[in-house]
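# Breakdown of the fold
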Amino acid sequence: MGERANKAYDLFTSGCNCSQAVFIAFCDKYGIDNDTAMKLAASFGGGMGRSREVCGAVSGMLLVCGMETGTADTSDQAQKAENYRISRVLMERFKEENGSIYCRELLGLTKAEASPVPEARTEKYYKKRPCAEIVKCAAQILEDELFEL
C-alpha cells in the first residue's frame, strides 16, 4: 500500500469523513492547507451530505483529479475532455474493486439515509463499515492510476 493510501486510512480513522480523508492525503501536492482541504471536501462525506449517493471517497478522488488534471481555462476543451477521461478511469477502477461508486450500495443499504447526523465513530462503527478500507482503496487508485499516467 502506498504512503498516501495509508495516510488516507489514518485520516479517516481519526475522524475525517471519507472525502476529506482522500483529498487531504494529497492536498500538500497543491499547496492547500489541511483546514482549507477539510472545508472543500466536507460536504461530500457519507455520499454527499450523508445522502448515500456517490461515495465520498470517489468524490475525494475526483477533487484530487481536478487539481492534477483540471483546467481553469474554460476554453481549453481538450484539457476538459482529458480530465473527464481520467475521472472515468478512476471511477471505473473504483467500481471494479468495490462493486459500485454509490455509498448506499457499498454499505448494503436499500435507501437514502433519512438523517444528516453522522454516526459516532466507535469501535462498533468501524467494525460494521467498510469505509476505512474503501478510503484506502480510493487513495491507492490515485497513486496507481493518476500519478502513473
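Scroll up for the structure.
Computed from a predicted model, the values in this text were never measured in an experiment.

## Here's the deal with the overall build of the protein
In terms of helices and strands, the protein carries eight helices and zero strands. When the helices and strands of the protein are placed in sequence order, the string is α-α-α-α-α-α-α-α. What you see for the protein is a C-alpha radius of gyration of 15 Å, in line with the 15 Å of a compact globule of 149 residues. Here the C-alpha coordinates of the protein stretch approximately 45 × 30 × 25 Å along the principal axes. Put simply, the protein has 149 residues, and 42% of those count as buried. Long-range pairs, those at least 24 residues apart, make up 69% of the contacts in the protein between residues at least 6 apart in sequence. For the protein, the accessible area works out to roughly 8000 Å², and carbon and sulfur atoms hold 51% of it.

## A short note on the pattern of salt bridges
Summed over all chains, the structure comprises ten salt bridges. One salt bridge connects Glu82 with Arg85, and the closest N-O pair in it is separated by 2.8 Å. Taken together, the residues Glu82 and Arg85, both in helix 5 (residues 77-98) and three residues apart, mark about one turn of the helix. A relative accessible area of 29% places Glu82 in the partly exposed class. For Arg85, a relative accessible area of 40% gives the class partly exposed. The salt bridge partner of Glu123 is Lys127, with a shortest N-O separation of 3.2 Å. Residue Glu123 and its partner Lys127 are located together in helix 7 (residues 123-128), separated by four residues, close to a single helical turn. Here Glu123 matches Lys127 in class, with each residue exposed.

## Focus: the packing of aromatic side chains
For the structure on display, the rule yields three aromatic pairs. The interplanar angle of 10° and the centroid separation of 5.6 Å between the aromatic rings of Phe26 and Phe147 together place this pair among those described as stacked. You can see Phe26 sitting in the loop between helix 2 (18-24) and helix 3 (34-41) and its partner Phe147 sitting in the segment after helix 8 (131-145), a full 121 residues away along the chain. We classify Phe26 as buried; its relative accessible area is 0%. Their ring planes at 90° and their centres at 5.2 Å tell us that Tyr125 and Tyr126 sit as a pair that is edge-to-face. In this structure an aromatic cluster arises from ring pairing among Phe12, Tyr125 and Tyr126. Positioned over the ring face of Phe12 is Arg121, at 4.1 Å from the centre of the ring. Across from the ring centre of Tyr9, 4.6 Å away, lies the NZ or CZ of Lys136, which sits over that ring.

Cut-offs and rules
- Residues numbered from 1 in each chain as written.
- Predicted model: local features only at pLDDT ≥ 70, side-chain atom pairs only at ≥ 80, totals over all residues.
- Heavy atoms only, no water.
- Helix = DSSP H or I, 4+ residues; strand = E, 2+ residues; numbered from the N terminus.
- Rg over C-alpha atoms; globule rule 2.2 N^0.38 Å.
- Buried < 20%, exposed > 50% of the residue type's maximum accessible area, 1.4 Å probe, protein only.
- Contact = heavy atoms within 4.5 Å.
- Areas by Shrake-Rupley, 256 points an atom, 1.4 Å probe, with all protein chains shown as cover.
- Salt bridge = Lys/Arg side-chain N within 4 Å of Asp/Glu carboxyl O.
- Phe/Tyr/Trp six-rings, centres within 6.5 Å; stacked < 30°, edge-to-face > 60°.
- Lys NZ or Arg CZ within 6 Å of the ring centre and 35° of its normal.

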